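Topology and contacts: notes
So you can see what is in the structure, the chains are spelled out below.
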Amino acid sequence: MTRYGSFPGSRPRRLRTTPAMRRMVAETRLHPADLILPAFVREGIDSPVEIGSMPGVFQHTRDSLKKAAVEAVEAGVSGIMLFGVPLDEKKDGAGTVGTDPDGILQVALRDVRAEVGDDLIVMSDLCLDEFTDHGHCGVLDEQGRVDNDATLERYAEMAQVQADAGAHVVGPSGMMDGQIGVVRDALDQIGREDVAVLAYTAKYSSAFYGPFREAVGSSLRGDRKTYQQDPANARESLRELALDLEEGADMVMVKPAGPYLDILAKVADAVDVPVAAYQISGEYAMIEAAAQRGWIERDRAIMEALTGIKRAGANMILTYWATEVARQL
């Protein structure tokens with residue numbers, strides 16, 4: 001049969017023919033500088049403790065944390081976000097160990113800054129949940145509810161001690177109303193105008209946080225639905241975004257990442273500040289667990305998940321695979 005002309009005339013497959021072709025026309029590229037490593041440092045241990053629900057992720061000692069920070073620098077990772085895990089007996093209702101200059105998080109911040117200086121952006125989680133005996137992100141009132149305004153006073157103090165300990169960036173993650181403005185003012189009052197604020201702008205009350213609570217030894221009673229966002233809501237995240245920017249956020253974040261790519265895209269389209277996304281513990285655990293069972297190809301799944309987050313608009317991705325992936329890239 002004689003064929004005339006070329007049908008179809010448009011053949012997108014021409015641009016998928018070889019790995020070199022696909023690489024050349026790729027619209028989204030991951031780079032080590034896109035990545036931030038979340039890391040846990042635990043008080044009172046002599047060697048790193050692997051987290052059961054997050055194989056390959058550890059609660060660090062002070063020494064192993066410094067080693068992890070150096071490895072991140074060598075791999076080209078941009079930042080490290082530190083979470084402190086104190087001794088249970090040091091927890092109380094106000095999370096006072098979180099503002100103790102000699103508390104585990106502040107000690108770790110000083111350790112890492114002394115080890116890597118300015119070669120790695122050292123970030124600190126600014127929240128009370130790791131340090132309270134009830135596990136909530138704020139102080140409680142007489143009825144057992146999280147007291148927003150009383151919590152802000154604690155956040156202000158936390159911001160100052162974390163900045164004094166060497167944090168380049170503080171990350172208020174408790175989803176209290178007004179937290180960014182209070183933290184910014186607190187930093188400026190002590191001459192820490194150069195310390196940046198990464199706002200956890202859209203942090204959802206997610207089922208995917210489970211492994212993280214093991215990682216930080218959470219004492220949570222109840223849930224956080226009265227302050228973290230409802231997974232059903234999208235417009236609400238843009239309201240939170242406007243407030244955070246008005247209050248002085250330097251960067252904004254969506255958390256979790258994978259289940260909320262639509263929110264991430266909306267935020268990225270709406271702002272002219274850097275946008276971060278946190279690929280959280282449950283996202284990590286699902287891929288690792290499925291890969292261990294042979295159900296998915298681990299390395300390809302990791303790269304695909306991270307590429308999707310970058311494609312949705314993230315400039316920075318917090319991921320527990322940061323150092324591993326940076327080496328591969």
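Our subject in this report is the structure included herewith.

1. Quick word on the pairing of strand E9 (residues 275-278)
Taking every second residue as pointing to the same face, both faces of E9 are buried, with Val275 and Ala277 on one and Ala276 and Tyr278 on the other. The pairing of strand E8 (residues 251-255) with E9 spans three bridges and is parallel. Within the sheet, the bridge partner assigned to Val254 lies in E9 and is Ala277. With helix H8 (residues 261-270) bridging E8 and its parallel neighbour E9, the resulting β-α-β unit is right-handed. For E9 and strand E10 (residues 316-318), the ladder comprises three bridges, and the chain directions are parallel. Its bridge partner being in E10, Ala277 is matched across the sheet by Ile317.

2. Focus on the packing of H8 against helix H10 (residues 298-312)
At a closest axis distance of 8 Å, the pairing of H8 and H10 adopts a crossing angle of 35°. Across from Leu261, Leu264, Ala265 and Ala268 in H8, the residues of H10 making contact are Gly308, Ile309 and Ala312. Of the residues that constitute the contact of H8 with H10, the class distribution is six nonpolar, one polar and no charged.

3. Here's the deal with the pairing of strand E4 (residues 79-85)
Regular strands show a simple pattern: their side chains alternate between the two faces of the sheet. Where burial is concerned, most of E4 is hidden: seven out of the seven residues are buried. Taking every second residue as pointing to the same face, both faces of E4 are buried, with Gly79, Met81, Phe83 and Val85 on one and Ile80, Leu82 and Gly84 on the other. Sheet analysis places strand E1 (residues 35-42) next to E4, joined by seven bridges and oriented parallel. If you follow Ala39 over to E4, its bridge partner there is Leu82. Bridge count for E4 against strand E5 (residues 121-126) is four bridges, and the pairing is parallel. From the neighbouring strand, Gly79 faces E5, where its bridge partner is Ile121. Each parallel crossover has a hand, and for E4 linked through helix H3 (residues 104-116) to E5 it is right-handed.

4. Focus: the side chain of Thr201
Among the structural elements, Thr201 can be located in strand E7 (residues 196-203). In this structure the side chain of Thr201 is engaged in a polar contact, spanning 2.7 Å, whose partner is the side chain of Asp244. Setting aside chain neighbours within four positions, we find Thr201 in contact with Met175, Gln229, Ser237, Glu240, Leu241, Asp244, Val252 and Met253.

5. As for helix H7 (residues 235-247)
Under the 1.5 Å per step criterion, the end-to-end length of H7 is 19 Å for 13 residues, consistent within 8% with the ideal 18 Å. The elements touched by buried residues of H7 are helix H5 (179-189), E7, E8 and H8.

6. Considerations on the layout of surface pockets
The space that makes up the largest pocket amounts to roughly 440 Å³. Around the largest pocket, the lining comprises 21 residues; the ones closest to its centre are Gly56, Phe58, His60, Ala68 and Glu71. Looking at the lining of the largest pocket, the elements with two or more residues in it are E1, strand E3 (58-60), helix H2 (62-75), helix H9 (281-292) and helix H11 (322-328). Across the lining of the largest pocket, the residue classes break down as 11 nonpolar, four polar and six charged. Every residue lining the second largest pocket is listed: Arg23, Ala26, Glu27, Thr28, Arg29, Leu30, Met303, Thr307 and Arg311. Per-element accounting of the lining of the second largest pocket gives the leading share, three residues, to H10.

7. A look at the pattern of salt bridges
Under the defined criterion, the tally for this structure stands at 16 salt bridges. Two residues, Glu43 and Lys90, come together in a salt bridge whose shortest N-O distance is 2.5 Å. Highlighted residues: Glu43 in the loop between E1 and strand E2 (49-50) and Lys90 in the loop between E4 and H3, separated in sequence by 47 residues. Overlapping salt bridges, with partners in common, bring together Glu288, Arg298, Asp299 and Glu324 in one network.

Cut-offs used in this document
- Residues numbered from 1 in each chain as written.
- Predicted model: local features only at pLDDT ≥ 70, side-chain atom pairs only at ≥ 80, totals over all residues.
- Heavy atoms only, no water.
- Buried < 20%, exposed > 50% of the residue type's maximum accessible area, 1.4 Å probe, protein only.
- Helix = DSSP H or I, 4+ residues; strand = E, 2+ residues; numbered from the N terminus.
- Pairing = 2+ DSSP bridges.
- Right-handed = clockwise from strand over helix to strand, strands pointing away.
- Axes fitted to C-alpha atoms, helices over the stretch in contact; angles between N-to-C directions.
- Contact = heavy atoms within 4.5 Å.
- Nonpolar A, V, L, I, M, F, W, Y, C, P; charged D, E, K, R; others polar.
- Polar contact = N/O pair within 3.5 Å; in protein donor to acceptor, adjacent residues only side chain to side chain.
- Expected span 1.5 Å × (residues − 1).
- 1 Å grid on protein atoms, 1.4 Å probe; cavity = no way out; pocket = protein on both sides within 12 Å on 5 of 7 lines; lining within 4 Å.
- Points joined across faces, edges and corners; volume = space filled by probe spheres on them.
- Salt bridge = Lys/Arg side-chain N within 4 Å of Asp/Glu carboxyl O.

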